[in-house]
Amino acid sequence: MRSRVCSGCDHWLLAAFLLPFALHLTTLAPSVTFYDSGEFITATQLLGSAHSPGYPLFLLFAKPFTWLPFGSIAFRVNLATACGAALACSALFLLVRQLLRDVACSDNEQFSDFVRNAAALAGSLLFASSPRLWLQTNHDKPYPLLAGMIALCFLFLLRWREEYLAGSERPAWWYGVGLLTGLASGAHQTIILLVPAWLLFVAVTELRLLLRIRELLLTAAFALAGGAVQLYLPLRAAAQPLQNWGDPSSLSRFLWHVLRRGYPEEPHLRDLSLLLKQLAGFSIPHEFGWIGLLFLVAGVVACWRSKRPFVLACGLALLGFWAVIVGFFNPRAESIFLTEEFYTPLYLLAAALIAVGLHAAISRGIGRAETPEHYGWQHRLLVLLFLLLLPLSQQAANYRANDQQRNYSAHDYAVNTLRSLPERTVLFTWGDSGAFPLWYLQTVERLREDVDLPHIPHLVFDWYREELPRLQSSFSTALQQGQTAPQLFRSLAGRLQAERPVLMDYSTRHSVDWGRREPVPQGIVFWLPSDGLPDAVFDVAGVWRLQTLHRITMNQGWLIDQDTEKAVMITAHSLLQAAEEVARRDRGGQEAGAMLDAVQRMVPSWGEAVTQLRRRYGLPLQGRDVLP
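Calculation rules
- Residues numbered from 1 in each chain as written.
- Predicted model: local features only at pLDDT ≥ 70, side-chain atom pairs only at ≥ 80, totals over all residues.
- Heavy atoms only, no water.
- Helix = DSSP H or I, 4+ residues; strand = E, 2+ residues; numbered from the N terminus.
- Buried < 20%, exposed > 50% of the residue type's maximum accessible area, 1.4 Å probe, protein only.
- Contact = heavy atoms within 4.5 Å.
- Areas by Shrake-Rupley, 256 points an atom, 1.4 Å probe, with all protein chains shown as cover.
- Lys, Arg positive; Asp, Glu negative; His and termini not counted.
- Charge placed at Lys NZ, Arg CZ, Asp CG, Glu CD.
- Axes fitted to C-alpha atoms, helices over the stretch in contact; angles between N-to-C directions.
- Left-handed = near helix turned anticlockwise from the far one by under 90°.
- Nonpolar A, V, L, I, M, F, W, Y, C, P; charged D, E, K, R; others polar.
- Pairing = 2+ DSSP bridges.
- Patch = residues over 30% accessible without salt bridge, like charges linked within 9 Å, V, L, I, M, F, W, Y side chains within 5 Å.
- Salt bridge = Lys/Arg side-chain N within 4 Å of Asp/Glu carboxyl O.
- Parallel < 35°, antiparallel > 145°, perpendicular 65-115°, else oblique.
- Phe/Tyr/Trp six-rings, centres within 6.5 Å; stacked < 30°, edge-to-face > 60°.
- Core = buried A, V, L, I, M, F, W, Y, C linked by side-chain atoms within 4.5 Å.
- Expected span 1.5 Å × (residues − 1).
- Arc of directions from axis to C-beta.
- Disulfide = S-S within 2.5 Å.

(A) Main features of the overall build of the protein chain. Scanning the protein chain from N- to C-terminus turns up 29 helices and four strands. Across its three principal directions, the C-alpha atoms of the protein chain cover 85 × 60 × 55 Å. The buried share of the protein chain, reckoned over its 628 residues, is 56%. Contacts spanning at least 24 positions in sequence make up 75% of the contacts within the protein chain whose residues lie at least 6 apart. When the accessible surface of the protein chain is summed, it comes to about 27,800 Å², and 60% of that surface belongs to carbon and sulfur atoms. Each charge class in the protein chain was averaged separately, 53 positive and 51 negative side chains, and the resulting centres sit 2 Å apart.

The following block contains the structure:
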C-alpha cells in the first residue's frame, strides 16, 4: 500500500512546497514584528477585521494555525504566512511545468521530463528567495497567498487553451478562474487588475470567444460565488469583535472599508523624477538580479513562439498595475515603499518566465552537446546544478537580510512601553508600527489590560471610538464637530488628566508642538505636560530597571529594517538622557555608568558621546550590572 501511495505522489511538486517552506521556516520571526504584523495577528486571533480592505480570506486562512499547540500566537500566524508563500511556490511550479509541457530538450522523454521538472523547481526556489516574498513571510502579509491564486488562474487558462486548440470545449476552466478571482478578492483587490489580462489571453487565443455571453455570465457568477468570502466582514462586524476596523456592519460602512476610503491622498504634482521612482517600484534586477533579467528576456522569447497569450497577458498585467498604482494612486516619494508589495504576484510571473528562460538555455546546451547513449545520474546532476545556481545564489545573497529568527525587537519595544506605565494609564500612540505591537500584546497575550491605547490618527472615526468603551464618557464631552485628530487628542487628553495617568509614545511626543511646556520622559514614553506629576516620575533609574534591553541593539545578526532601527534609536536616546539625569543627581554613581554601558551596547557608534558623558560626570569606565 505504501508503494502505491508513493507512486501516486508527485515528488517534484512536494519538493516545490517543502523546500521553500523549510527555507522560510529557518528565518521565521518568533514573535510580532513591525509594520502591519501586530494588527494582522490580532485580527486573526479575534476573527475581527484588519485595515482596509479587511483581508477576510487571509484571516480565515491564518486562523486554523492559531490552534497549533506550540509557539506564541504571533509565531503561529507567521507560520501561516510562510505556508501561504510555500503554496504560492507550489502553484508557480505547476505553472512553469504547464508552460514547458510541449517543450523537449532531447529525444529521451524521461530526461526531458526531468529537465522540465528541474526548471520548474528552480523557478519556485527563485521566487521563494526573492527579497519581496521573503520579507512578507515575516510580516504576516496576504500577498503570497494572492500570488499563488493568480498562478493557479494562469494555469487554468493555459490548460483551457491547450484543450481548446486540441478541439475540446472545457469552459469549466473559465469557471475555475472566476471562482478563484472572487476568492482572491478576500486577499486583496489588486486581483481585479488581472481581469483585463485574462480577457486578453482569451482574445489572443480566439477573438470570437469573447462573444460567448453564456460562458462569460457563468464565469461572472462563479466570481460572485467566490467573492462571497467578503460577507465575512459584515457578519463578524455584527458580532462586535474587539478589533473591528471600519465596523463594516452596514452597506455604507462595508463599501467605505472595502474601497479604502479611509486612505485619502492629497493631490500633489508629479515631475519626471518622481514618476521614474514610482515606476521603479517594480524592479526585476532588485528581486532576481541582472542575470535574472537576462533569463527573463530569454523566457519571453521562448514563450512567444508557443505561449504568446501568456506573455501578452503578463505585459498587460504590468501595465494595469502601473496605471493604477502609479497613475491613479500617485504615491509620494516617501510612500512608494508601501506600494511595492502590491507587485508580489507580478514577481511570481517573472519567476515563471525566468524558469522558462533557464530551461531554454539548458536545452540549447544539451542540443549542442554530443548525445550520449544513455542519460545517467551525472547528466541529471549537471542539469540540476546549472538550473539551481541562480536560485541558490539568490538565497545566499538574501538570507542574512531576512533571517529574523532572533527578531524580538517589536515584542521587546512594546513590552518596555507597557512596563513604563502606571496603573490605569491612557497611552496615546501615533505611528502604526508603534501601536500595532501594543494591540497584539494587550489583546492577544493579555498584557496590561488596565491600560487604554487610543491611536490618535483613528480618533476621528466613530467606529474606532466605539472600540474604547472606558473612554466613552470622555469622548462625549471632548468631541466637537469638525475636529482634526490632533485637536481631538488635545481635548481628550485634557479631560482625562484629571482622572487617570495620561502618557504618550515617542511618535506623539515629536508629532505635536508643545511650546515651552516640555513633556516629561518616563522610560521610552512621556507624560503630558502637567502641574502635578506623581513622585514616581522622578525615579528615573527605577523605570529602566523594569525594561528588557539585552535584545535591543543595532547588532541584531540580521539586516534590521527601518522601524527596528528607529525602535533601537528611541530606546538608546531615551536611556542616554536618563543616564545623564541620574549622573547629574549622583555624580560618580555606578547606576548611571551601567545605563551608559547599555547605551553603548545598543548603538556602538555612540561610543564617543558615551565616553564624554562619563568624563563630564566622573563616572567609572564600567558600571555595575543593574539593568536587564
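(B) Expanded view of the packing of helix α18 (residues 344–368) against helix α19 (residues 377–402). One can describe the packing of α18 onto α19 by two numbers: an axis separation of 10 Å at closest approach and a directional angle of 145°. Every pair of crossing elements has a handedness; the one defined by α18 and α19 is right-handed. Contact with α18, carried on its side by I354, L358, H359, A361, I362 and I366, involves V383, F386, L387 and L390 of α19 and no other residues of that element. Residue classes in the contact of α18 with α19 are distributed as nine nonpolar, one polar and no charged.

(C) Inspection of the sheet that holds strand β3 (residues 520–522) at higher detail. Judged by pairing direction, the sheet is mixed, and its four strands sit side by side in the order β1-β2-β4-β3 without closing on themselves. Every interior strand has two partners, whereas the edge strands, β1 (426–428) and β3, have only one. Each neighbouring strand pair of the sheet contributes to a mean axis angle of 35°, computed without reference to strand direction. Where β1 and strand β2 (residues 502–504) come together, three bridges link them in parallel fashion. Residue pairing across strands places L427 opposite L503, the latter belonging to β2. On the sheet, helix α24 (residues 485–496) packs against β1 and β2 and is oriented at approximately 160° with respect to β1.

(D) Focus on a nonpolar patch on the surface. A contiguous nonpolar patch, built from W377, L381, L382 and L385 and spanning about 480 Å² of accessible area, is present on the exposed surface. Along the chain, the position of L385 falls in helix α19. Exposure remark for L385: the relative accessible area of 52% places this residue in the exposed category.

(E) Broad picture of the packing of helix α20 (residues 409–419) against helix α21 (residues 432–443). At a closest axis distance of 9 Å, the pairing of α20 and α21 adopts a crossing angle of 75°. Taken together, the axes of α20 and α21 are roughly perpendicular relative to one another. For the pair α20 and α21, the contacting residues are A410, H411, A414, V415, T417 and L418 in the first and P437, L438 and L441 in the second. Taken together, the residues of the contact of α20 with α21 break down into seven nonpolar, two polar and no charged.

(F) Fine view of unusual backbone geometry. Residue P53 is bonded to the preceding S52 through a cis peptide linkage, with omega at 15°. When you line up the elements, P53 lands in the loop between α3 (37–46) and α4 (56–62). The backbone phi angle of R446 is positive, close to 60°, even though this residue is not glycine. Structurally, R446 can be placed in the loop between α21 and α22 (462–465). Overall, R446 belongs to the exposed group, its relative accessible area being 55%. Located in the positive-phi region is R448, a residue other than glycine, with phi close to 55°. Counting through the fold element by element, R448 comes out in the loop between α21 and α22.

(G) Layout of the packing of aromatic side chains. Under the counting rule described, the total for this entry stands at 31 aromatic pairs. Here the aromatic rings of F40 and F58 are separated by 5.5 Å at their centres, their planes lie at 75°, and the arrangement is edge-to-face. Taken together, the residues span a long stretch of sequence, with F40 in helix α3 and F58 in helix α4 at a distance of 18 residues. Taking relative accessible area as the criterion, F58 reaches 2% and is therefore assigned buried.

(H) The arrangement of the nonpolar core in detail. L95, F127, F154, W198, F310 and L348 are the most contacted members of the largest nonpolar core, which has 104 residues in total. With 14 residues, α18 is the largest single contributor of residues to this core. If we ignore the near neighbours within four places in the chain, the residues touching L348 are A88, L92, L95, F127, A147, G148 and A151. L441, L471, W527 and L575 belong to the second-largest nonpolar core, a separate cluster that totals 89 residues.

(I) Seen up close, the pattern of salt bridges. With the rule as written, the count across this model stands at 25 salt bridges. A salt bridge links D412 to R551; its shortest N-O distance comes to 2.9 Å. Taken together, the residues D412 in helix α20 and R551 in the loop between α26 (540–544) and α27 (562–585) connect sequence positions 139 residues apart. The buried category is assigned to D412, whose relative accessible area is 1%. Here R551 falls in the partly exposed class, since its relative accessible area comes to 28%. E449 is the salt-bridge partner of R446, the closest N and O atoms lying 2.6 Å from each other. The class of E449 is partly exposed, set by a relative accessible area of 40%. Look at the salt bridges and you will find they share partners, linking R101, R159, E162, E163 and R170 into a network.

(J) Quick peek at the environment of E466. With respect to the helices and strands, the residue E466 is situated in the loop between α22 and α23 (472–478). You can call E466 partly exposed: its relative accessible area is 47%. A C-alpha to C-alpha distance of 9.7 Å links E466 and Q240, two positions 226 residues apart in sequence. Sequence-distant contacts of E466, defined by excluding residues within four places in its chain, comprise D247, R253 and Q472.

(K) Looking closely at α24. Counted at 1.5 Å a residue, the expected span for α24 with its twelve residues is 16 Å, and the 16 Å between its end C-alpha atoms agrees. The set of residues buried in α24 consists of A485, L488, F489, L492, A493 and L496. Along α24, the residues classed as buried sweep out an arc of 125° about the axis, all on the same side. Considering only its buried residues, α24 is in contact with β1, α23, β2 and α25 (506–509).

(L) Region of interest: the environment of A298. As for its position among the elements, A298 is in helix α15 (residues 284–306). Along the sequence, A298 and P267 sit 31 residues apart, while their C-alpha atoms lie 41 Å from each other.

(M) The state of the cysteines, seen in detail. Overall, the coordinates contain zero disulfides when judged by the stated rule. In this model C83 remains outside any disulfide bridge; the closest cysteine sulfur is found in C89, 11 Å from its own.

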